[in-house]
2 protein chains.
Amino acid sequence: MSDGRTSGAGASRPRVLILGGGFGGIGAARKLKDADVDVVLVDAHDYHTFQPLLYQVATDLLPESTVGHPLRDLFHDQPNARVHTATVTGIDVDARTVSFAGMEPLAYDYLVVALGARVEFFGVEGAAEHAFPLYTLADALRLRRHVLERWEAADRDPSVVDDGALNVVVVGGGPTGVESAGAIAELYRGLFVEDYPDVPQERARVVLVEAGAEIFSMFKTKLRRYATKELEKFGVEVRVGEVVQSVTATAVTLASGETIPAHTLVWGAGLHGNPLAESLGVELQRGGRVPTRPDLSVEGRPEVFAVGDVAWIASGKQPPLPQLGGVALQSGEQAGENIARLVEGKETVPFGYFDKGTMATIGRFSAVMQGPHGITMTGKKASLAWGAVHLALLSTGEDRAKAVVNWTWAGFTHERPARISVRTEETSEREVAT
Amino acid sequence: MSDGRTSGAGASRPRVLILGGGFGGIGAARKLKDADVDVVLVDAHDYHTFQPLLYQVATDLLPESTVGHPLRDLFHDQPNARVHTATVTGIDVDARTVSFAGMEPLAYDYLVVALGARVEFFGVEGAAEHAFPLYTLADALRLRRHVLERWEAADRDPSVVDDGALNVVVVGGGPTGVESAGAIAELYRGLFVEDYPDVPQERARVVLVEAGAEIFSMFKTKLRRYATKELEKFGVEVRVGEVVQSVTATAVTLASGETIPAHTLVWGAGLHGNPLAESLGVELQRGGRVPTRPDLSVEGRPEVFAVGDVAWIASGKQPPLPQLGGVALQSGEQAGENIARLVEGKETVPFGYFDKGTMATIGRFSAVMQGPHGITMTGKKASLAWGAVHLALLSTGEDRAKAVVNWTWAGFTHERPARISVRTEETSEREVAT
């Protein structure tokens, strides 16, 4: 088997190869800081994305530099770790090697698969071409630019408003969908009134579509009702028991037959495990997720662990754990700890998820929080708790400081830090004297 | 003549049309806040760019959201002003109308031409295709991404370092060139040593090429010498009396015949006034700049004013004022004031530039400052003065706050806020169930 290039940190020690720099991969790598191993973390990007706040980048509440943090920063203090930016092209669990685009294959002694998911459109016609998912930082920037461009167009010619240029349909009543719908409505009804005084924003619609009987199904009834009430207060039309059937660049058609003129469809519903999971040689669970043993290793491959969105983590007949940042982080840490134990000749230990509570924000000073012991909170209290928890989760003090500045300004001065759309493909127009 | 759409603020008052949202355009618009006019400012982008700090975006010292500020924010408190994002396609000074791409023409009573400049490559072979200018925010982001991608490639395969993948040639010994060369060298010799422990950065070259006998010609000899010494301390090769003859994607050839393997050529030399200046019907000065009368109006067109980089502002036999932010801001303000005077039936007054001093930074705690009364400063003192002046110039308290955070962290923790490269053209990879 090809050993590929060394990890650069002495090839004698066992190499732990971590695929993916999200919460799962970071959690695993950090837990191995003091282990006698070489940690090699590979991600397709040079940054870690703080996914829970992507909708804030999309709606200008935070600049991308606060939500995307340089991966290499996170390992300056971890001498046994190396980071590479490369795209995985294949995993060979028999040869114990992983191949990459533009980089030599890497052999591993232990593998952590933290490759996350892709957006699942459930075959909705036109969705792959026209929907705006919110799973990556690029998604958030793309949505932000798209919305800003629609408003600039409406400013140049307000008549497009009635063609639905500013209308947004959000699919999915989970946190991504609700938080996005709330933030978009707040942006529309608040700041944009000042930014675009000649655009009749009151004629711009924000519609949230949820297939189930209620939004926020993971929350208690009281919180669901509160969230619905709050969304409607912000001018969001909440459609439950409804699904999107097809979408074009300018309209969204619902299963009920209604067509909503809208140039923007935000997709907050459905993930499918990274297709590379298929190369692990086990039968995948629903949504293309990798079934895991209690210690998060893969059946028949005690040296291979699956964590985060790509993993199917369930005990007995229980439903699997949700694809949330907290689950990814904790499962990644458990995988790292179990690898450290194996290296020391110890037994692995089973993973137990500790639910620190679920929170979602609907708008400024409007949020819901459901704590571990049945505690619930709504409104400003929950909103501040939400802010505190997310600040605490942000990777570095620097980001914390920046986020504080941004949130403070956004919260109290109604200003937004990042409301610009820079096309990087466009560069200085050039005069070439000849 | 077509009146086009109204400015949205009552069409009875005289309309002042300002083309360009840089320092010149902003200065003019703000001076008209209390005038009995409708101000319409049009820029091709939805943001104002703080150009003096572009090199910091390119070298990760500041995130783009600090240097690019939403134009509309600047006018929330100015009811007589409207902002539109559109590209100017033509100026008809006889009909007193301006046409735009995707927006109806606008008639004006007074016109402020603050359209800035384009990069001038002086016919250097390959420059238009391969050089990286630093005049727009998109330029800065493009250069940042390019450099980061070269380092990621070197991390995957360190052998490319000796092919010059990391080498940078900077053209121009003025502030843009010197500040860029210094910041790139500091990034290379400092942070990247931690970020890329396996890349032999000491073999990466940063070369500054200046055609004149010395860099920083606008500064006193003492300051020039200091700057050269400092650059060399940061590992920059300073080549004076040398010019670039041609450039390819991987090499730069100098007039002396020497070829430097380098994948990056930063272009800090040469501007050419926006070509739209030609439609003003006056003979342009060197560099395609619009000659102005003492009150900054255009010969024979008392209702048309030219300010900033596109204007040739010179008194008598004096050389023209340099294309600097301070000149743009002050000339814009003067144009605004003169228009306000004309509306009130008063005489215009001639423009006098007050030189508040010129500053340039070479690296952390390394800068030069030349004050109005022959005062000069170097080193940490100048560096802090520089920081203070630029903070004071930043548009809003929010930006000031963010810049403080970023500068503090960058200066004292050696962290950088924005060291990530997000391709917005790339979005969520999609799984379409069928």
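Thresholds applied
- Residues numbered from 1 in each chain as written.
- Chains lettered and ligands numbered in written order.
- Predicted model: local features only at pLDDT ≥ 70, side-chain atom pairs only at ≥ 80, totals over all residues.
- Heavy atoms only, no water.
- Phe/Tyr/Trp six-rings, centres within 6.5 Å; stacked < 30°, edge-to-face > 60°.
- Helix = DSSP H or I, 4+ residues; strand = E, 2+ residues; numbered from the N terminus.
- Buried < 20%, exposed > 50% of the residue type's maximum accessible area, 1.4 Å probe, protein only.
- Pairing = 2+ DSSP bridges.
- Axes fitted to C-alpha atoms, helices over the stretch in contact; angles between N-to-C directions.
- Salt bridge = Lys/Arg side-chain N within 4 Å of Asp/Glu carboxyl O.
- Parallel < 35°, antiparallel > 145°, perpendicular 65-115°, else oblique.
- Left-handed = near helix turned anticlockwise from the far one by under 90°.
- Contact = heavy atoms within 4.5 Å.
- Nonpolar A, V, L, I, M, F, W, Y, C, P; charged D, E, K, R; others polar.
- Domains from an automatic or database assignment.
- Buried area = accessible area lost by both parts, 1.4 Å probe.
- pLDDT = per-residue confidence, 0-100.
- Expected span 1.5 Å × (residues − 1).

### Looking at the packing of aromatic side chains
All names here are of chain A.
- Counted under the stated rule, the structure contains 16 aromatic pairs over all chains.
- Taking 5.6 Å as the distance between ring centres and 75 degrees as the angle between the ring planes, the aromatic pair formed by Phe23 and Phe50 counts as edge-to-face. One end of the pair, Phe23, is in helix H1 (residues 23-31); the other, Phe50, is in the loop between strand E3 (47-49) and helix H2 (54-58), and 27 residues separate them in sequence. Across the pair, exposure class does not vary: Phe23 and Phe50 are buried alike.

### A closer look at unusual backbone geometry
- The phi dihedral of Phe122 of chain A falls on the positive side, at around 50 degrees, and the residue is not glycine.
- With respect to the secondary-structure elements, Phe122 of chain A resides in the loop between strand E10 (117-120) and helix H4 (127-130).
- Located in the positive-phi region is Leu296 of chain B, a residue other than glycine, with phi close to 75 degrees.
- Structurally, Leu296 of chain B can be placed in the loop between strand E20 (290-291) and strand E21 (297-298).
- For Leu296 of chain B, a relative accessible area of 1% corresponds to the buried category.

### Re the sheet that holds strand E17 (residues 259-261) of chain B
Residue and element names in this part refer to chain B.
- As summarised here, the arrangement of the three strands in space is E15-E16-E17, forming an open sheet in which the pairing is antiparallel. Either end of the sheet is taken by a strand with one partner, and the two such strands are strand E15 (244-247) and E17. With strand direction ignored, the average angle separating the axes of adjacent strands in the sheet is 25 degrees.
- Where strand E16 (residues 251-254) meets E17, three bridges bridge the pair, whose relative direction is antiparallel. Of the residues in E17, the one forming a bridge with Thr253 is Thr259.

### What to know about the pattern of salt bridges
- A complete count under the given rule lists 38 salt bridges over all chains for this structure.
- Residues Lys33 of chain B and Asp77 of chain B are paired through a salt bridge, measuring 3.5 Å at the closest nitrogen-oxygen approach. Taken as a pair, Lys33 of chain B in the loop between helix H1 (23-31) and strand E2 (38-43) and Asp77 of chain B in the loop between strand E4 (68-70) and strand E5 (81-85) lie far apart in primary sequence, 44 residues in all.
- Take Asp77 of chain B: its relative accessible area is 49%, and that puts it in the partly exposed class.
- Notably, a salt bridge pairs Arg293 of chain B with Glu299 of chain B, separated by 3.9 Å at the nearest N-O pair.
- Taking the relative accessible area as the measure of exposure, Arg293 of chain B reaches 34% and is therefore partly exposed.
- A single network of salt bridges, built from pairs that share partners, joins Arg205, Glu237, Arg239 and Glu258 of chain A.

### Describing the sheet that holds strand E8 (residues 103-107) of chain A
All names here are of chain A.
- Ordered in space as E6-E7-E8, the three strands form an open sheet in which the pairing is antiparallel. Among the strands making up the open sheet, the edge pair consists of strand E6 (87-92) and E8. Across this sheet, the average inter-strand angle for adjacent strands is 20 degrees, counted without regard to direction.

### Here's the deal with the packing of H1 of chain B against helix H9 (residues 325-343) of chain B
Residues and elements named next belong to chain B.
- Between H1 and H9, whose axes approach to 7 Å, the crossing angle comes to 30 degrees. Judged on the interaxial angle alone, H9 and H1 are roughly parallel. Viewed along their axes, H1 and H9 form a crossing whose handedness is right-handed. Contact residues: Phe23, Gly24, Gly27, Ala28 and Lys31 in H1; Gly325, Ala328, Leu329, Gly332, Glu333, Gly336 and Glu337 in H9.
- Split by residue class, the contact of H1 with H9 holds four nonpolar, five polar and three charged.

### Digging into the environment of Leu71 of chain A
Residue and element names in this part refer to chain A.
- Looking at where Leu71 falls in the secondary structure, it is placed in the loop between strand E4 (68-70) and strand E5 (81-85).
- Separated by 294 residues in sequence, Leu71 and Phe365 have C-alpha atoms that sit 32 Å apart.
- Contact partners of Leu71, with chain neighbours within four places excluded, come to Gly21, Ile26, Leu41, Asp43, His45, Asp46, Tyr47, His48 and Val83.

### Structural notes on the pairing of E5 of chain A
Residues and elements named next belong to chain A.
- Counted residue by residue, E5 has five buried out of five residues, so it is predominantly covered.
- Neither face of E5 is left uncovered, since the one carrying Ala81, Val83 and Thr85 and the one carrying Arg82 and His84 both have all their residues buried.
- With five bridges joining them, strand E2 (residues 38-43) and E5 adopt parallel strand pairing. Of the residues in E5, the one forming a bridge with Val39 is Ala81.

### Points about the environment of Phe219 of chain A
Residues and elements named next belong to chain A.
- On the secondary structure map, Phe219 appears in the loop between strand E13 (206-210) and helix H8 (221-233).
- When the C-alpha atoms of Phe219 and Thr358 are compared, they prove to be 8.2 Å apart, with 139 residues separating the residues in sequence.
- With residues up to four places along the chain from it excluded, the contact list for Phe219 reads Arg224, Thr358, Met359, Ala360, Val368 and Gln370.

### What to know about the domain arrangement of chain A
Residue and element names in this part refer to chain A.
- Taken domain by domain, chain A consists of domain 1 (15-44 + 86-119 + 271-343) and domain 2 (127-269 + 358-413).
- Computed from C-alpha atoms alone, the centre-to-centre distance between domain 1 and domain 2 is 31 Å.
- On the side of domain 2, five residues touch domain 1, which itself brings seven residues to the contact.
- Counting each side, the surface lost to burial between domain 1 and domain 2 is near 520 Å², with a carbon and sulfur contribution of 69%.
- Taken together, the residues that form the side of domain 1 that touches domain 2 break down as four nonpolar, one polar and two charged.

### With respect to the confidence of the model for chain A
Residues and elements named next belong to chain A.
- With 86% of its residues at a pLDDT of at least 70, chain A reaches an overall mean of 87.
- With pLDDT under 50 throughout, residues 1-10 is counted as low confidence; its partners more than four residues away or in other chains account for 32 contacts.
- Predicted confidence for residues 407-418 stays below pLDDT 50, and this span has 49 contacts to residues more than four positions away or in other chains.
- Predicted complex metrics record ipTM = 0.82 and pTM = 0.86.

### Focus on the pairing of strand E12 (residues 168-171) of chain B
Residue and element names in this part refer to chain B.
- Neither face of E12 is left uncovered, since the one carrying Val168 and Val170 and the one carrying Val169 and Val171 both have all their residues buried.
- Here four bridges tie E12 to strand E18 (residues 264-267), and the two strands are oriented parallel to one another. Pairing of Val169 across the sheet is with Leu265, part of E18.

### Notes on helix H9 (residues 325-343) of chain A
Residues and elements named next belong to chain A.
- Over its 19 residues, H9 runs 27 Å from end to end, which matches the ideal 27 Å to within 8%, given 1.5 Å per residue.
- Those residues of H9 lying buried are Val327, Ala328, Gln330, Ser331, Gly332, Gln334, Ala335, Gly336, Asn338, Ile339 and Ala340.
- Close packing links the buried residues of H9 with strand E1 (15-19), H1, strand E9 (110-113) and strand E22 (301-306).
- At the exit of H9 stands Gly345, carrying a positive phi of roughly 80 degrees.

### Topic: H1 of chain A
Residue and element names in this part refer to chain A.
- By the criterion of burial, H1 is predominantly enclosed, with seven of the nine residues buried.
- Residues of H1 that are buried include every one of Phe23, Gly24, Gly25, Ile26, Gly27, Ala28 and Ala29, and no others.
- Summarising the contacts, the buried residues of H1 are in contact with E1, E2, E3, E9 and H9.

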